[in-house]
Amino acid sequence: MSVKKVVQLIEDNEVRFVDLRFTDTKGKQHHFTIPARVVLEDPEEWFEHGHPFDGSSMGGWKGVQASDMQLRPDPKTAYIDPFYDDATVVLTCDVIDPADGKGYDRDPRSIARRAENYLKSTGIGDTAFFGPEPEFFVFDGIEFETHMHQARFEITSETAAWSSGKHYDGQNTGHRPMVKGGYSPIAPVDQGQDLRSAMVNVLEEIGIPVEVHHGEVGTGTQMELGTKFSTLVQRADWTQDMKYVIWNVAHNFGKTATFMPKPLMGDNGSGMHVHQSIWKDGKNLFSGDGYAGLSEMALYYIGGIIKHAKALNAITNPSTNSYKRLVPHFEAPVKLAYSAKNRSASIRIPAVSSPKAMRIEARFPDPTANPYLCFAALLMAGLDGIQNKIHPGDPATKNLYDLPPEEDAQVPTVCASLEEALQALKADHEFLLRGGVFSQDWIDSYIAFKSEDVRRMQMAPHPLEFEMYYSL
């Protein structure tokens, strides 16, 4: 969408406000709202110079000594917000450092833009396509609190397995998915159909194409909305907008949605499988005559991801909760191997009906990942694999969860904790610095920023520790 079309969108819909949105290091969106007349006074000038704001208040960004930043809106991202009472156009923004007029080196969207530009500069390809699959849970309610003398959480869900013995107004209908029983049952076991359809309707209205929706494995209720792939930056934009829509539609239904990877003990967690391919001059470079229809380039790309996977974990699995999902036997892709069909491997090659659809699927990321950083880091690892011809070895043909001990020891795994992942990133990040995509300053600040999450978790007694150790 051009500036002219944004102006037309504002005028045709009698829009009162413009909402400027941007994403912080953690992946959380923020916004400033301005009257639409400010944009209409001189649209070209306003889109060029954007809106000033104080960047020092963003966690993981620079302090007050470098606080002045500009939000530069991207007219291609415009849509009318489906939840505000007053007609409001939403614009996703790049964060610009006024010192040099370039994208701020800690702005996730600017990092993603630099990753796209770096791909082009290498001559390897001109376009990287990404297709994430963020899973999520929808509960009826959630309570949590943490004090020096008390820590607790309680999830309320009438559709969860633990509610099968409860007394609801004199009756319990009994139709609900049991543990690990939520994958695509029909109603009345699936009680999320109308909610998911409402989410799909809103996503389609704001321009995000949806291909499928269904219940996921976890009880209580876990869901997935399958949306179309797109280029790196646009697909990250869509992922942010998608999470916004899911949260707010659930809220309007009187429910609460979460992308937390492991909210339930003893059932499946929520992943964000990321499909990827590189194209050049309209041709899919991952299609070939190798294993499962892959090209040699695609195999090298896989090799790069496997080589750098532990460092990638700090970005693709950036929460302490992420590693409660990355344990064996809950369909968690902890083994760093690749395979067609075998879902126990961390890299899967989906079956496709056309060479144009050929792609690889990284299965270890989760939806707490900042999509701009996640996609950019995956691309940089894959490009390193291509540039250095890092072959991933033979594909995995066995169930990697049930290997004999001597074979199991030969297959590398993802990190077991955020602390381990941050140490891996500290030791292995040169591939991210190429082309100025990520900066050394960003790496250092990110490790320091996320280490605070580790420190907080290390200092907090866990309820299970009372069960295990109180009487010792």
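Preceding this paragraph is the structure being described.
Residues numbered from 1 in each chain as written. Predicted model: local features only at pLDDT ≥ 70, side-chain atom pairs only at ≥ 80, totals over all residues. Heavy atoms only, no water.

Some details on the overall build of the chain
Regarding its fold elements, the chain presents 15 helices and 19 strands. Relative to a compact globule of 472 residues, whose C-alpha radius of gyration would be 23 Å, the chain shows 23 Å and is just as compact. Projected onto its principal axes, the C-alpha positions of the chain cover 65 × 60 × 50 Å. Here the chain, with 472 residues, has 52% of them falling under the buried criterion. (Helix = DSSP H or I, 4+ residues; strand = E, 2+ residues; numbered from the N terminus. Rg over C-alpha atoms; globule rule 2.2 N^0.38 Å. Buried < 20%, exposed > 50% of the residue type's maximum accessible area, 1.4 Å probe, protein only.)

A look at the pairing of strand S4 (residues 68–73)
Side chains of S4 alternate between two faces, with Met69, Leu71 and Pro73 buried and Asp68, Gln70 and Arg72 left unburied. When strand S3 (residues 51–54) meets S4, the two strands line up antiparallel, connected through 4 bridges. Following the sheet pairing, Pro52 is matched in S4 by Gln70. As paired elements, S4 and strand S6 (residues 88–97) share 4 bridges and run antiparallel to each other. Each bridged residue has a counterpart across the sheet, and for Arg72 the counterpart in S6 is Asp94. (Pairing = 2+ DSSP bridges.)

Some words on the pairing of strand S2 (residues 29–35)
Along any regular strand the residues' side chains alternate between the sheet's two faces. Looking at chain direction, strand S1 (residues 17–23) and S2 are connected through 7 bridges and run antiparallel. Each residue of the ladder has a partner; that of Leu20, found in S2, is Phe32. Connecting S1 to the next strand, S2, in antiparallel fashion are 5 residues, including Gly27 with a positive phi near 105°.

Observations regarding unusual backbone geometry
In this model, Ala187 is joined to Pro188 through a cis peptide bond whose omega is 5°. In the segment running from Gly220 into Thr221, the intervening peptide bond is cis, with an omega of 20°. Counting through the fold element by element, Thr221 comes out in the loop between strand S11 (210–215) and strand S12 (222–227). In this model, Lys180 sits at a positive phi of 60°, which is unusual for a non-glycine residue. Looking at the secondary structure, you find Lys180 in the loop between strand S10 (151–156) and helix H5 (193–205).

Topic: the packing of aromatic side chains
Counted under the stated rule, the structure contains 18 aromatic pairs. Three or more aromatic residues joined by ring pairs form one cluster here, namely Phe22, Phe32, Phe53, Trp61 and Tyr104. In this structure, Lys243 is placed above the aromatic ring of Phe259, and the distance from its NZ or CZ to the ring centre is 5.1 Å. (Phe/Tyr/Trp six-rings, centres within 6.5 Å; stacked < 30°, edge-to-face > 60°. Lys NZ or Arg CZ within 6 Å of the ring centre and 35° of its normal.)

Let's talk about the side chain of Asp74
Looking at where Asp74 falls in the secondary structure, it is placed in the loop between S4 and strand S5 (79–80). Classification of Asp74 by relative accessible area gives buried; the value is 6%. If we skip the residues at most four places from it in the chain, Asp74 touches Leu91, Thr92, Arg109 and Arg113. (Contact = heavy atoms within 4.5 Å.)

Overview of the packing of helix H8 (residues 309–316) against helix H10 (residues 371–387)
Their axes nearest at 9 Å, the elements H8 and H10 cross at an angle of 165°. Looking at the two axes, H8 sits roughly antiparallel to H10. Every pair of crossing elements has a handedness; the one defined by H8 and H10 is right-handed. Of the residues in H10, those touching H8 at Leu312, Ile315 and Thr316 are Leu373, Cys374, Ala377, Leu378 and Ala381. (Axes fitted to C-alpha atoms, helices over the stretch in contact; angles between N-to-C directions. Parallel < 35°, antiparallel > 145°, perpendicular 65-115°, else oblique. Left-handed = near helix turned anticlockwise from the far one by under 90°.)

Comments concerning helix H1 (residues 3–12)
Think of an α-helix as turning once every 3.6 residues; residues three or four places apart then point the same way. The set of residues buried in H1 consists of Val3, Val6, Val7, Leu9 and Ile10. For H1, the buried positions fall inside an angular range of 155° around the axis, keeping them on one side. Exposed residues pointing more than 90 degrees away from the buried face of H1 are listed as Lys4, Lys5, Glu11 and Asp12. Among the structural elements, S1, helix H2 (36–41), helix H3 (43–49), S5 and S6 are those in contact with the buried residues of H1. Directly after H1, the chain includes Glu14, whose backbone phi takes a positive value near 50°. (Arc of directions from axis to C-beta.)

Concerning the pattern of salt bridges
Under the definition given, this model contains 22 salt bridges. Linking Arg37 and Glu41 is a salt bridge whose minimum nitrogen-to-oxygen distance equals 3.8 Å. You can see Arg37 and its partner Glu41 sitting in helix H2, 4 residues apart, about one turn around the helix. Of the two residues, Arg37 and Glu41, both sit in the exposed class. Close ionic contact of Asp74 with Lys76 constitutes a salt bridge, the shortest N to O distance being 3.3 Å. (Salt bridge = Lys/Arg side-chain N within 4 Å of Asp/Glu carboxyl O.)

Quick word on the environment of Ala250
Topologically, Ala250 is positioned in helix H6 (residues 232–252). Through-space distance from the C-alpha of Ala250 to that of Ser346 is 31 Å; in sequence the pair is 96 residues apart. In this structure Ala250 touches Leu195, Met199, Lys255, Thr256 and Ala257, once residues within four positions along its chain are discounted.

What to know about the packing of H6 against H10
Packing of H6 against H10 brings their axes to within 8 Å, and their N-to-C directions diverge by 145°. Regarding H6 and H10, the two cross each other, and that crossing is right-handed. Across the interface between the two elements, Leu232, Val233, Arg235, Ala236, Asp237, Thr239 and Gln240 from H6 touch Pro371, Tyr372, Phe375, Ala376 and Leu379 from H10.

Structural notes on a negative patch on the surface
A contiguous patch of negative charge on the surface is contributed by Asp42, Glu44, Glu45 and Glu48. Within the secondary structure, Glu48 sits in helix H3. (Patch = residues over 30% accessible without salt bridge, like charges linked within 9 Å, V, L, I, M, F, W, Y side chains within 5 Å. Areas by Shrake-Rupley, 256 points an atom, 1.4 Å probe, with all protein chains shown as cover. Lys, Arg positive; Asp, Glu negative; His and termini not counted. Charge placed at Lys NZ, Arg CZ, Asp CG, Glu CD.)

Concerning a nonpolar patch on the surface
Together, Met265, Leu464, Met468, Tyr469 and Leu472 give the surface a local cluster of nonpolar side chains, amounting to about 630 Å² of exposed area. Relative to the assigned elements, Met468 resides in helix H15 (residues 463–469). By relative accessible area, Met468 is classed as partly exposed at 46%.

Focus on the environment of Lys398
As for its placement among the helices and strands, Lys398 is situated in the loop between H10 and helix H11 (405–408). When the C-alpha positions of Lys398 and Asp24 are compared, they lie 41 Å apart, and in sequence the two are 374 residues distant. Setting aside residues up to four positions removed in sequence, Lys398 forms contacts with Asn342, Ser344, Leu403 and Glu407.

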